[in-house]
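Each chain is listed here by its residues.
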Amino acid sequence: MRYVRLDTAKPLSRIGLGTWQFGSREWGYGPDYERLAATIVRRAVELGVTFFDTAEIYGFGRSERLLGAALAADRDKVAIATKILPVLPVASVVQQRAVASAARLGVTGIDLYQVHKPNPAVSDHRTMRGMRALQDVGLVAEVGVSSYSLRRWQVAEAALGRRVLSNQVRYSMLDRKPEEDLLGYAEQAGRLVIAYSPLAQGFLSGRYDANHPPVGAIRRANPYFLPENLERGSALIETLRQVAAAHDATPSQIALAYVLRHPNVVAIPGASSVEQLERNAAAAEIDLTEDEYAALVNAARAFRPVTGLAAVPRLIRSRTRG
Ligand SMILES: NC(=O)c1ccc[n+]([C@@H]2O[C@H](COP(=O)([O-])OP(=O)(O)OC[C@H]3O[C@@H](n4cnc5c(N)ncnc54)[C@H](OP(=O)(O)O)[C@@H]3O)[C@@H](O)[C@H]2O)c1
C-alpha cells in the first residue's frame, strides 16, 4: 500500500474504502452483503488500507454502524471519515450531528468530518463555526468538504480559520473536472482531493455492456449505464484492457491508477466482494508510463456519453422497460 504525503495524525492510504454500499438496499446487493461488508473491512485493514469513508445518510446510519463495528479492534490504526448531510448546517446542528455520528461509529473522535454538499442557503461561516467548536473539544480531528468548487473550498477555509483538509469530489476517467483546478490547489497547498466514484460506479470495470447492465436503483438512475452509453464506451474499455494487460492487471485497477497519478489524491472505491477490495488495494502499486497515461486520456476524451437533460427521457424509457 502507498500513503499520501501529508502531515495528518494517521497515515492515509491512497486507496481507501467507500461504504455507501453498506446498508443501502438501492445498490441491490441483497441481505448477505451486510456480513460480507464486515469481512471486506477487515481484509482492507490487513492490506494496509487506513482510510474509510462513510456518511450519516448512507443506509440512514447503517453504514456508520456497520463500519464502526467492523473496525472496532483497529480504530487507533485507521482514519474514519464521515459526513454531515447539510440540511440546516448551522453550528448547533453540526455539533449535534457529529455527536450522533460518533456514537453510531463507536468512536470518541472523528478523524475527518465532511460537509456532504454545499448548502445553497446557509453560509459556510455558520457551518464552520460548528466545525471549529468540534475541533476545539477534540471530537473532530480534520474538517473536509464534498462537491465544493475551489472558490467555496477556500471560503470554507477562511471561515474555519484553519485548513479544510479535503474536498471529496466525483473523479474518474469519465469525470475529469477536478483536473481543471482542484488537483493543482491540493498539490500546491498541501490539501487532499478524495476521489469518489473512481470506477464510475463500476462502468470502468468493463463488466457491463448494453445487454448486461448492472442491477439496483442507484445505477439504473446513472446515465453512464444507458445501453447507448455502454456501447459508446466500448473503445475506452478496450484501451483500459490493453493497458491492463501490460501490468497483469484489470481495467478497474488501471482506472484507479489513473486517478492516483496525481499525488494528493486518495481514491475510495466501493466493493461488492472481498476480491474486488483486494484488487483495488493492489492498484495503489501500479505506475502508469507516460504513453499509457496519454492513451487513457485520449480514450477518455473520445468517449462522448449522453448525459444531462438529453439522458432523462432515455433513463425513463430504460426504467419502464426493465
Ligand atoms: N461525497 C459524495 O457525494 C459521494 C457520492 C458518491 C459516492 N461517495 C463515496 O465514494 C465511494 C465510492 O463511490 P461509488 O460507490 O459511487 O462508485 P465506485 O467506487 O466507482 O464503484 C463501486 C462499484 O464498482 C464495482 N467494483 C468495485 N471494485 C471493483 C473491481 N475491482 N472490479 C470490478 N468492479 C468493481 C462494484 O460494483 P459491482 O460489483 O456491483 O459492479 C462497486 O460497488 C462510495 O462508497 C462513497 O463512500 C461519495
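Higher on the page you've got the structure.
Residues numbered from 1 in each chain as written. Predicted model: local features only at pLDDT ≥ 70, side-chain atom pairs only at ≥ 80, totals over all residues.

Considering the pairing of strand E6 (residues 164–170)
Stage number 1. With six of seven residues buried, E6 is to be regarded as a mostly interior element.
Stage number 2. Two elements, strand E5 (residues 140–146) and E6, share four bridges in a ladder whose sense is parallel. Paired with Ser 146 across the strands is Gln 168, a residue of E6.
Stage number 3. The β-α-β motif built from E5, the intervening helix H5 (residues 150–160) and the parallel element E6 has right-handed crossover chirality. (Buried ≥ 20, exposed ≤ 12 C-beta atoms within 10 Å, placed from the backbone. Helix = DSSP H or I, 4+ residues; strand = E, 2+ residues; numbered from the N terminus. Pairing = 2+ DSSP bridges. Right-handed = clockwise from strand over helix to strand, strands pointing away.)

Concerning the site of the ligand
Stage number 1. Surrounding the ligand, one finds 28 residues, the nearest of these being Gly 18, Leu 199, Gly 202, Ser 205 and Gly 270.
Stage number 2. The element best represented in the shell around the ligand is helix H11 (residues 274–282), accounting for three residues. (Near = placed C-beta within 6 Å.)

So, the sheet that holds E5
Stage number 1. A sheet is described by the order of its strands in space; here eight strands give the open sequence E1-E2-E3-E4-E5-E6-E7-E8, paired in parallel fashion. Single-partner strands in this sheet number two, and they are strand E1 (17–18) and strand E8 (265–267).
Stage number 2. In terms of strand pairing, strand E2 (residues 51–53) meets strand E3 (residues 79–84) through three bridges, oriented parallel. Opposite Asp 53, over in E3, you have Ala 81 as the bridge partner.
Stage number 3. Each of strand E7 (192–196) and E8 is contacted by helix H10 (residues 251–260), which is oriented at about 155 degrees to E8, the strand it contacts most. (Contact = placed C-beta atoms within 7 Å. Axes fitted to C-alpha atoms, helices over the stretch in contact; angles between N-to-C directions.)

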